[in-house]
There are 2 protein chains.
Amino acid sequence: MKIRVAILGYGNLGKGIECAVSQNDDMELVAVFTRRPPESVKVMSGTAVYHADRLTEMQDKIDVLMLCGGSATDLPEQTAEYAKYFHVVDSFDTHAKIPEHFARVDEAASGSGHIAMISVGWDPGMFSLNRLYANAILREGSDYTFWGKGVSQGHSDAIRRISGVKDAKQYTIPVEAALASVRGCENPQLTTRQKHTRECYVVAEEGADRGQIEKEIKTMPNYFADYDTTVHFISEEELKRDHAGIPHGGLVLRTGKTGRNKEHNHVIEYSLKLDSNPEFTACVLVAYARAAYRMGKEGMKGCKTVFDVAPAYLSPMTPEEMRSSLL
Amino acid sequence: MKIRVAILGYGNLGKGIECAVSQNDDMELVAVFTRRPPESVKVMSGTAVYHADRLTEMQDKIDVLMLCGGSATDLPEQTAEYAKYFHVVDSFDTHAKIPEHFARVDEAASGSGHIAMISVGWDPGMFSLNRLYANAILREGSDYTFWGKGVSQGHSDAIRRISGVKDAKQYTIPVEAALASVRGCENPQLTTRQKHTRECYVVAEEGADRGQIEKEIKTMPNYFADYDTTVHFISEEELKRDHAGIPHGGLVLRTGKTGRNKEHNHVIEYSLKLDSNPEFTACVLVAYARAAYRMGKEGMKGCKTVFDVAPAYLSPMTPEEMRSSLL
């Protein structure tokens, strides 16, 4: 019997979940739920679409509900609410609010006997795991996380709000010299400006003052002022042709010392290079859906993060297969 | 109260454990056991040294025993034997024999109620974990493991057995072009020769036939014949000065496709660059000793691998600290 998965929210992440489930033989997508009129949502795989109001009627048809809403307003309400009815997985990524999200979700999931996996994806998610493993191994050392090269949705939106801008895409790019210094075990103290640059591709409206737009971007507090930012004005056609994707990625590094006199240096590096940020994130969520289902079957309950999940729960292989082929 | 750790076998790995324990505030090294005359073993930290025969008398003084012997003859006997008395951690790395080792150790540890962590280190160990995570996430893709640049003890030994060779050190080196092809998502099928080269530093005895030595190395079956091998003759002084260390490392990569038409490529890469192979391995073992102790406290028992250990058990942080600082 397959693990019955449902999706709430059919945006980029929800579509990624649909693709990811189709790559996993032990799972099936049983329904897509939306807060829009269901008939307005066209689902690639032809799976049934229902209004979100009907979710709680379908408790006996769904094993794991994938919450594909945003961290700002959707997940703070949805995860705790639906953990009363299903095992749930979310990608809550507002780092500062994870403790309160955890507490709220844990109360709901513990009460209902479900597993609620929160903050799954690559950061938080796989990057967090690598920070934890590397810190547990190299006890004396330094941590570094770089993001990119990749599209930052928030920064692209910020540019679009400037008067005279028709459309825009912003790439975050790690600074190679900073990376080289970290890999060389120089333990640099890096400022914001030294770690990442920002590259902006902007479509200006006809007659707009490009000099003014560029100045507004480069001096924008929080978003751009602390970075070396370059602005390229391109045509709408060029933006569509060359910047349609949502690539991302990044690196987690830890360097540390061992030995009687701390004479030996070590570098642990984990990196991701992703053509599609939402599709990769979806793949991680689907692996953790398998874990949620299995841990639930074993009688575990409550809110869990990637730190709480033994890796074996993620793989469709048997323990024997894992030991003989992956160990 | 600290976790009381003991070491059996005071070679490079045992010395590494001694260093690693000193970097972990929640642990203390209580004894070193050896099969040599104890008075002949000088321990850096001044910890008490006992003959291995006395181990079983000290069940109430030791929480976790670190088995620092070799995989060929020591661990196949020791791990199952001592799992009757203690939580144990080993670095058993004969991949093909892991299933039978697991079965034997599991019987002993399950019977005695202890945790026995086997095959801990970086390969098997951290590399295995990264293979598992990456395979669970990217379900359609290709796996690659590269080793080096690093010293292969087995290959160095093989050279030393050649007549006319006084001493030797062999480095295994990944081929950059192969790595670039993998990272470029070209999914290459790589032969042994295409993945690694072998670089040998040889001290010849006076009057030895260097041409003959070089030929014997390069044509040695299994060890060198399938690789592009370079041989450098150097003086004993040069070997001591430039090749005294035991560096190692390597990379685990998985590339895979997602999307409706499998149109998106992704690269997951994990790499290690280690000045001291045994000291890094020891750090991993010590983190898993903490996990063994904690899992034992929770009533778990039996043989475990890195796949069975939820990451949170490895860190000295509280769950709250982990979630707020690492997630």
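Structure report, in brief. Quantities reported herein were computed from a predicted structural model and do not represent experimental measurements.

## Points about the layout of surface pockets
And then number 1: The space that makes up the largest pocket amounts to roughly 1200 Å³.
And then number 2: In this structure, the largest pocket is lined by 38 residues; those nearest its centre are Ser91(A), Asp93(A), Trp122(A), Asp123(A) and Asn277(A).
And then number 3: The set of elements that each furnish at least two residues to the lining of the largest pocket consists of helix H1 (12-22), strand E7 (141-147), helix H5 (153-160), strand E10 (196-204) and helix H10 (277-297) of chain A together with helix H11 (319-325) of chain B.
And then number 4: In terms of residue class, the lining of the largest pocket is made up of 14 nonpolar, 19 polar and five charged.
And then number 5: For the second largest pocket, the calculated volume is near 1000 Å³.
And then number 6: In terms of lining residues, the second largest pocket is bounded by 29 residues, among which Ser91(B), Asp93(B), Gln153(B), Asn277(B) and Thr281(B) are the most central.
And then number 7: Every element with two or more residues in the lining of the second largest pocket is listed here: helix H1 (12-22), helix H5 (153-160) and helix H10 (277-297) of chain B.

## Examining empty space enclosed by the protein
And then number 1: By the definition in use, this model includes one cavity of 30 Å³ or more.
And then number 2: Taken as a whole, the largest cavity encloses approximately 30 Å³ of empty space.
And then number 3: Contributing to the lining of the largest cavity are Met126(A), Leu129(A), Asn130(A), Tyr133(A), Leu129(B), Asn130(B) and Tyr133(B).
And then number 4: Of all elements in the fold, only helix H4 (126-137) of chain A together with helix H4 (126-137) of chain B reach the threshold of two or more residues within the lining of the largest cavity.
And then number 5: In terms of residues, the lining of the largest cavity owes the most to one element, H4(A), which gives four residues.
And then number 6: Grouping the constituent residues of the lining of the largest cavity by class yields five nonpolar, two polar and no charged.

## As for the relation of the copies chain A and chain B
And then number 1: You can overlay chain A on chain B at an RMSD of 0.0 Å; the transform is a turn of 180° with a shift of 0.0 Å along its axis. Taken together, the rotation and translation relating the two chain copies correspond to the operation of a two-fold axis. Proximity to the rotation axis, assessed at the C-alpha, singles out Ala310(A) in chain A; its C-alpha lies 1.9 Å from the axis.
And then number 2: The residues that chain A uses at the interface reappear at the interface of chain B in 100% of cases, marking a shared surface.

## Observations concerning the sheet that holds strand E6 (residues 115-117) of chain A
All names here are of chain A.
And then number 1: Across the sheet, seven strands lie side by side as E3-E2-E1-E4-E5-E6-E14; this open sheet has parallel pairing. The two strands at the open ends of the sheet, each matched to only one other strand, are strand E3 (49-51) and strand E14 (302-304). Each strand of the sheet is rotated relative to its neighbour by a mean of 25°, with strand direction disregarded.
And then number 2: Here three bridges tie strand E4 (residues 64-67) to strand E5 (residues 87-89), and the two strands are oriented parallel to one another. Across the sheet, the residue bridging to Met66 is Val89, located in E5.
And then number 3: Sheet contacts for H10: strand E1 (3-8), strand E2 (27-34), E4, E5, E6 and E14; angle to E6, the most-contacted strand, approximately 160°.

## Digging into the pairing of strand E2 (residues 27-34) of chain B
All names here are of chain B.
And then number 1: Burial runs high along E2: six of the eight residues are buried.
And then number 2: Pairing of strand E1 (residues 3-8) with E2 involves six bridges; the strand directions are parallel. When the bridges of E2 are listed, Arg4 appears paired with Glu28.
And then number 3: In this view, the connection linking E1 to its parallel neighbour E2 by way of H1 has right-handed handedness.
And then number 4: Of the pairings in the sheet, the one linking E2 to strand E3 (residues 49-51) comprises three bridges and is parallel in character.

## So, the packing of helix H2 (residues 75-82) of chain B against helix H3 (residues 98-112) of chain B
All names here are of chain B.
And then number 1: Contact pair H2 / H3: the axes reach a minimum separation of 7 Å and the direction vectors enclose 25°. With respect to their mutual orientation, H2 and H3 come out roughly parallel. As for the relative orientation of H2 and H3, their crossing is right-handed in sense. Side by side, H2 and H3 meet where Leu75, Pro76, Thr79 and Ala80 of the first sit next to His101, Arg104, Val105 and Ala108 of the second.

## What about the interface of chain A and chain B?
And then number 1: Contact residues are listed per partner, giving 66 residues for chain A and 66 residues for chain B.
And then number 2: Both sides of the chain A and chain B interface together cover about 5900 Å² of buried area, and 64% of this is carbon and sulfur.
And then number 3: Scanning the region where chain A abuts chain B turns up zero salt bridges.
And then number 4: Summed over the shared surface of chain A and chain B, the number is 31 residue pairs in polar contact (both at pLDDT 80 or more).
And then number 5: When residues of the side of chain A that touches chain B are traced back to their parent elements, those giving at least two are helix H3 (98-112), H4, strand E12 (248-258), strand E13 (264-274), H10 and helix H11 (319-325) of chain A.
And then number 6: Top contributing element to the side of chain A that touches chain B by residue count: E13(A), with eleven residues.
And then number 7: In the side of chain A that touches chain B, the residues fall into 34 nonpolar, 17 polar and 15 charged.
And then number 8: Where E13(A) lies against strand E13 (residues 264-274) of chain B, nine bridges are found, and the strand directions are antiparallel. Within E13(B), the position partnered with Leu272(A) by the bridge is Ile268(B).

Procedures and definitions
Residues numbered from 1 in each chain as written. Chains lettered and ligands numbered in written order. Predicted model: local features only at pLDDT ≥ 70, side-chain atom pairs only at ≥ 80, totals over all residues. Heavy atoms only, no water. 1 Å grid on protein atoms, 1.4 Å probe; cavity = no way out; pocket = protein on both sides within 12 Å on 5 of 7 lines; lining within 4 Å. Points joined across faces, edges and corners; volume = space filled by probe spheres on them. Helix = DSSP H or I, 4+ residues; strand = E, 2+ residues; numbered from the N terminus. Nonpolar A, V, L, I, M, F, W, Y, C, P; charged D, E, K, R; others polar. Least-squares fit on C-alpha atoms with pLDDT ≥ 70 in both. Contact = heavy atoms within 4.5 Å. Pairing = 2+ DSSP bridges. Axes fitted to C-alpha atoms, helices over the stretch in contact; angles between N-to-C directions. Buried < 20%, exposed > 50% of the residue type's maximum accessible area, 1.4 Å probe, protein only. Right-handed = clockwise from strand over helix to strand, strands pointing away. Parallel < 35°, antiparallel > 145°, perpendicular 65-115°, else oblique. Left-handed = near helix turned anticlockwise from the far one by under 90°. Buried area = accessible area lost by both parts, 1.4 Å probe. Salt bridge = Lys/Arg side-chain N within 4 Å of Asp/Glu carboxyl O. Polar contact = N/O pair within 3.5 Å; in protein donor to acceptor, adjacent residues only side chain to side chain.

Bear in mind that shape data such as this cannot, by itself, settle questions of function.
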